[in-house]
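Structure assessment
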Amino acid sequence: MPRSQAGQTVEPEACKLWIHCNSCCALFCDKKHTFFLLACHHVFCERCVKVSAGRTPSDAPIFECSTCRRSVRGRQLTNSMPNHFKQLFHPEPFTIGNDFVETFQRGNHRHFDKYKERKELEMDKLFKDIEVAKSVCQKRFLEAQMLRVERKKLMQRSRYIKAEVANRKAEMHRMAQAYRSRSLTSQSSSSAQCSVRGRPRGRGTATQSSSRRRSKESRESAKRQQITSFIHPPNHSFDL
């Protein structure tokens, strides 16, 4: 589409902006597709109209109108089309004094305005959806940041717990080693005492045992029952 330096559509093309496909609303001035004017006075692009061959090889093709559902003849929109067809697309229809041309162009203008209104409503809905999506994304972003902070805290807590568990395991290991060392020490001391008890006694030990035996015998003899006997005075008074 030709454009001026200010980005506005130039006048020769601006007068053609109302020419559009009555089905998909593609613009004729974009020059992307071939357009056809049907005998039912509907305009379609080559994508939206069905064309079938005529009854004879020399017969004109037959078009299936998707608006009025009729089989009609049609003409391609070119500069070489007949003048009475070309007058329908005159840039100044009020100058030719043909009411049908004005009615045709006015109907196409209304159809294209309704299409633009629908697109504007769709754009407004899309903008609202974009705003809602932005707010939801911002909310989710804040939640993600909070979750990252919470994750860092949980990681620090897990490292602290792991260190505490490792310290407790080391302490239990030291306590077990100390218990084993004490048990080994007690076993060695008991075995030493047993070895001392099993050794033969020396000379001093024998003397102590004999003195203990004598004292025990004397205590036993003292405990024995005493027997009363005769008293024998000295016999020096006379002879028999």
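This text follows the structure it describes.
Computed from a predicted model, the values in this text were never measured in an experiment.

1. Considering the overall build of the protein
The helix and strand inventory of the protein stands at four helices and six strands. Buried positions account for 15% of the 240 residues belonging to the protein. Sequence-distant contacts in the protein: of pairs separated by 6 or more residues, those separated by 24 or more amount to 38%. By element, 55% of the accessible surface of the protein is carried by carbon and sulfur atoms, the whole surface being about 20000 Å².

2. As for the sheet that holds strand β2 (residues 43–45)
Here three strands make up an open sheet; going across it, the order is β2-β1-β6 and the pairing antiparallel. At either margin of the open sheet sits one strand with a lone partner, and together these are β2 and β6 (74–76). The average angle at which neighbouring strand axes cross in this sheet is 30°, direction not considered. By the bridge criterion, three bridges tie strand β1 (residues 35–38) to β6 in an arrangement that is antiparallel. Counterpart to Leu 38 in the pairing with β6 is Gly 74.

3. A closer look at the packing of aromatic side chains
All told, the structure shown has six aromatic pairs when counted by the stated rule. For the ring pair Phe 36 and Phe 63, a centre distance of 5.1 Å and an interplane angle of 45° mean the geometry is tilted. Here the residue Phe 36 occupies a position in strand β1, and Phe 63 occupies one in strand β4 (residues 62–64), the gap between them amounting to 27 residues. As far as burial versus exposure is concerned, Phe 36 and Phe 63 are alike and both buried. Chaining the aromatic ring pairs together yields one cluster made of Trp 18, Phe 89 and Phe 104.

4. Side note on the layout of surface pockets
By volume, the largest pocket is sized at about 360 Å³. Every residue lining the largest pocket is counted, 15 residues in all, and those nearest its centre are Lys 16, Phe 28, Asn 79, Lys 86 and Phe 89. Grouping the constituent residues of the lining of the largest pocket by class yields seven nonpolar, five polar and three charged.

What counts, and at which threshold
- Residues numbered from 1 in each chain as written.
- Predicted model: local features only at pLDDT ≥ 70, side-chain atom pairs only at ≥ 80, totals over all residues.
- Heavy atoms only, no water.
- Helix = DSSP H or I, 4+ residues; strand = E, 2+ residues; numbered from the N terminus.
- Buried < 20%, exposed > 50% of the residue type's maximum accessible area, 1.4 Å probe, protein only.
- Contact = heavy atoms within 4.5 Å.
- Areas by Shrake-Rupley, 256 points an atom, 1.4 Å probe, with all protein chains shown as cover.
- Pairing = 2+ DSSP bridges.
- Axes fitted to C-alpha atoms, helices over the stretch in contact; angles between N-to-C directions.
- Phe/Tyr/Trp six-rings, centres within 6.5 Å; stacked < 30°, edge-to-face > 60°.
- 1 Å grid on protein atoms, 1.4 Å probe; cavity = no way out; pocket = protein on both sides within 12 Å on 5 of 7 lines; lining within 4 Å.
- Points joined across faces, edges and corners; volume = space filled by probe spheres on them.
- Nonpolar A, V, L, I, M, F, W, Y, C, P; charged D, E, K, R; others polar.

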